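# Breakdown of the fold
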Amino acid sequence: MASMNNERASSSSSSTHRLTYEVFLNFRGEDTRNSFTSHLYTALDQKGIYTFIDDEKLERGESISPTLMKAIKESRVGIVILSKNYASSTWCLEELEEIIGCITKTGMTVLPIFYCVDPSDVRKQIGTFKQAFDEHELRFKENIEKVQKWRAILKEVANTSGWHLPKSTETKVIQEIVQEIVNKLSSTYIVDTKGLIGINCRGEELMPLLDLESNTVRIIGIWGMGGMGKTTLARVVYGMISDQFEACSFIANVREDSEKKSLLWLQQKILKELMMGSDMNIPDIDSGILMIKKWLRYKKILLVLDDVNKLDQLNKIARENDWFGPGSRIIITTRDEHLLRTRKVDVIYEAKGLNDVEAFHLFNLKAFGDEHPIADYLELSKAFVHYANGLPLAIEILGSFLFSKGKDEWKSALDRLKEYPEREILNVLQISYDGLQETEKEIFLNISCFFNHMNEETIIEILDYLELYPKIGLRVLIDKSLIKLQENQLWMHDLLQDMGKDIVHQECREDPGKRSRLWLYKDIDDVLTKNTGTKEIQGIVLELLEQQEMVKWNPEAFSKMQYLKFLKIDSVHLMHDLKHLPNSLRFLDWSGYSSKSLPSSFQSNKLVKLRLRNSYIERLWKGAKVI
């Protein structure tokens, strides 16, 4: 089987050939249609393998119809079921001739099955095969070359290893055939990595961690922020190694399906795929756990659980390694590193963003359909790649959006991104944010609006003043790939920062005075000049480091901000002294404060930190304070 397919396919042009079907069934209808072939077709169909089987009502002529000819050419695998009366059908032999020709033309794989006939009978063409060819030679005596070609083809097929019934049971043969096809289809997936820039080198990094030579059960976690390509990497590796396992299953969207459907539904899907299409009647989740342990503990399986976001999902599907047979591999993709550590996976692989060269290459493929940008678009291309900051999802979305658009439209799109980030990107990133607790959301928004790229200790100090429990909160954000800690500095990806700022903008896009946080000079100046602040505002940071700005802020500007806790101002000179500061303030840092004292109405009972560097202040306030 391997030799025939490999030798003939060496010059195959299948990479450019359109393939519609995954399997084409070639068989003698009167021998096997209502028995073996029917059972095989059902098993293939249950496994989701798109299989062509001809309609027995089709009118049979001297040669195969254009419809069947087209179906053969557009199939990946041809299954030839050689039975007692197979050779008597010119239709079967015509199909077989076309199938064998497709090994070279399209790279088709051919799998022979000897159903109640001995391979030697087919090879030597004796018994019913001799009778059939004797009749063909009489019928086609004026075209004897055709018969001789059929003889040669049958002999070639008979010399190929395949499955022989009844030496093996029908059930076992069908299971082996289905698995063989699943493996072959999975193997063909890995060659289709065109456009998946950087995926091969990341696959090579992950492969040693799988330790496929080991006969132990091994669990591997792929961790990273949304849009980083975790699922794509898992799919490519799945295709690379799936032929080394008895059964394989790729369960995509675990988070979404466990919420919209159920964990019971996921258990049923996993068992159905790993048990070769067998329907399992699982009454409840606990029964599902028992059935997974019972049916899979002796089976070498490959299971990918994609986008896991809760430990309970793993506990109900893959809590213990001994649930699976020796040599099994479980790959888990997630945004939450803590989940992987709690499950005690063997190794965690962090999905990394694209480097500059890879990002530029991918963007050009999406935006131009080529590896190189149009000369006039070079600088704009670099600007979009810089904006995406190595995130594959963002590069693909932006590049695809800009495809075939004019230069002016590119410039307009780039300008729009500064105020309105691409919603499709943000929706993916925000999944991680939506799963946070309220204090963790507050920490994330504070970092994205105020504290990105600041010293960890400084951030912890400030967040502590704001009663946000920063040590546990920051740990959660790091585990969920929402922030990074590097050399004692906390930072987040530019697009995550854009997402956080957009969340705040969405609180009230038209009126900045109704948002929880203000950091842009134009918004702060507008609110404090017009006195349009509200109780919604919790934090304000304004740092004008280049030169001091003279401002005409309303003296009553802070009077309506009843819940303002954090206020940091730098390089601002007040033309009018403030009459009010919110009594809710816990952190006040005003460098260059231009008044001689704080407003006398200010009650500092909740104030924890006060900084007035390089200020003109002579005393904190006039008169005595009752504390």
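Residues numbered from 1 in each chain as written. Predicted model: local features only at pLDDT ≥ 70, side-chain atom pairs only at ≥ 80, totals over all residues. Heavy atoms only, no water.

## Remarks on the packing of helix α21 (residues 423-434) against helix α25 (residues 494-507)
Interhelical geometry of α21 versus α25 gives an angle of 90 degrees and a closest axis separation of 10 Å. Here α25 runs roughly perpendicular to α21, going by the angle between their axes. On the side of α21, the interface is formed by Arg423, Ile425, Leu426, Leu429, Gln430 and Tyr433, while α25 contributes Leu495, Leu496, Met499, Asp502, Ile503 and Gln506. For the contact of α21 with α25, the residue count by class is eight nonpolar, two polar and two charged. (Axes fitted to C-alpha atoms, helices over the stretch in contact; angles between N-to-C directions. Helix = DSSP H or I, 4+ residues; strand = E, 2+ residues; numbered from the N terminus. Parallel < 35°, antiparallel > 145°, perpendicular 65-115°, else oblique. Contact = heavy atoms within 4.5 Å. Nonpolar A, V, L, I, M, F, W, Y, C, P; charged D, E, K, R; others polar.)

## A short note on the sheet that holds strand β12 (residues 484-486)
On the basis of which strands lie adjacent, the open sheet formed by three strands has the order β11-β13-β12 and antiparallel pairing. Of all strands in the sheet, those bounded by a partner on one side alone are β11 (454-455) and β12. Bridge analysis of β12 against strand β13 (residues 489-491) gives three bridges, and the strand direction is antiparallel. What sits directly across from Gln486, in β13, is Gln489. (Pairing = 2+ DSSP bridges.)

## With respect to the confidence of the model for the protein chain
Summarising the model, the protein chain shows a mean pLDDT of 88, and 91% of its residues fall at 70 or more. Least confident of the elements in the protein chain is helix α1 (residues 2-9), whose mean pLDDT is 55; most confident is strand β14 (residues 517-518), at 98. In the predicted structure, residues 10-16 sits below a pLDDT of 50 and forms 10 contacts with residues beyond four places in sequence or in another chain. (pLDDT = per-residue confidence, 0-100.)

## Section: helix α23 (residues 456-465)
Looking at α23, one finds that the buried residues are Ile459, Ile460, Ile462, Leu463 and Tyr465. Capping of α23 at its N-terminal end is provided by Asn455; its side-chain oxygen lies 2.9 Å from the backbone amide nitrogen of Glu457. One or two positions beyond α23, positive phi appears at Glu467, with a value near 60 degrees. (Buried < 20%, exposed > 50% of the residue type's maximum accessible area, 1.4 Å probe, protein only. Polar contact = N/O pair within 3.5 Å; in protein donor to acceptor, adjacent residues only side chain to side chain.)

## As for helix α20 (residues 407-419)
Because an α-helix packs 3.6 residues into every turn, residues spaced three or four apart end up facing the same way. Inspection of α20 places Trp410, Ala413, Leu414 and Leu417 among the buried residues, and these make up the whole buried set. Down the axis of α20, the buried side of the element spans an arc of 100 degrees, and every buried residue falls inside it. Among the exposed residues of α20, those oriented more than 90 degrees off its buried face are Asp408 and Lys418. Residues of α20 that are buried sit in contact with α17 (356-368), α18 (378-388) and α19 (392-402). (Arc of directions from axis to C-beta.)

## Details of the packing of aromatic side chains
According to the stated counting rule, one finds 20 aromatic pairs in the structure shown. Ring geometry for Tyr21 and Phe52: centres 5.2 Å apart, planes at 70 degrees, overall edge-to-face. Here Phe52 lies in strand β2 (residues 51-52) and Tyr21 lies in strand β1 (residues 21-26), a separation of 31 residues in the sequence. Here Tyr21 and Phe52 have matching classes, each one buried. Judged by centre distance (5.7 Å) and plane angle (90 degrees), the ring pair of Phe140 and Trp150 falls under edge-to-face. You can see Phe140 sitting in the loop between α7 (128-139) and α8 (144-158) and its partner Trp150 sitting in helix α8, a full 10 residues away along the chain. Assessed through its relative accessible area of 1%, Trp150 is described here as buried. Residue placement shows Lys261 over the ring face of Trp265; its charged tip is 4.0 Å from the ring centre. For the cation-ring pair, Lys352 lies above Tyr349, with the distance from its terminal atom to the ring centre recorded as 4.8 Å. (Phe/Tyr/Trp six-rings, centres within 6.5 Å; stacked < 30°, edge-to-face > 60°. Lys NZ or Arg CZ within 6 Å of the ring centre and 35° of its normal.)

## Some words on the pattern of salt bridges
Evaluation of the coordinates by the stated rule reveals 31 salt bridges. For Arg423, the salt bridge is made with Asp502, and the minimal N-O distance between the two is 2.6 Å. Residue Arg423 is found in helix α21, and its partner Asp502 is found in helix α25; the two are separated by 79 residues along the sequence. Look at Arg423 and you get partly exposed, because its relative accessible area is 34%. Note that Lys568 is salt-bridged to Glu543, the shortest N-O span being 4.0 Å. (Salt bridge = Lys/Arg side-chain N within 4 Å of Asp/Glu carboxyl O.)

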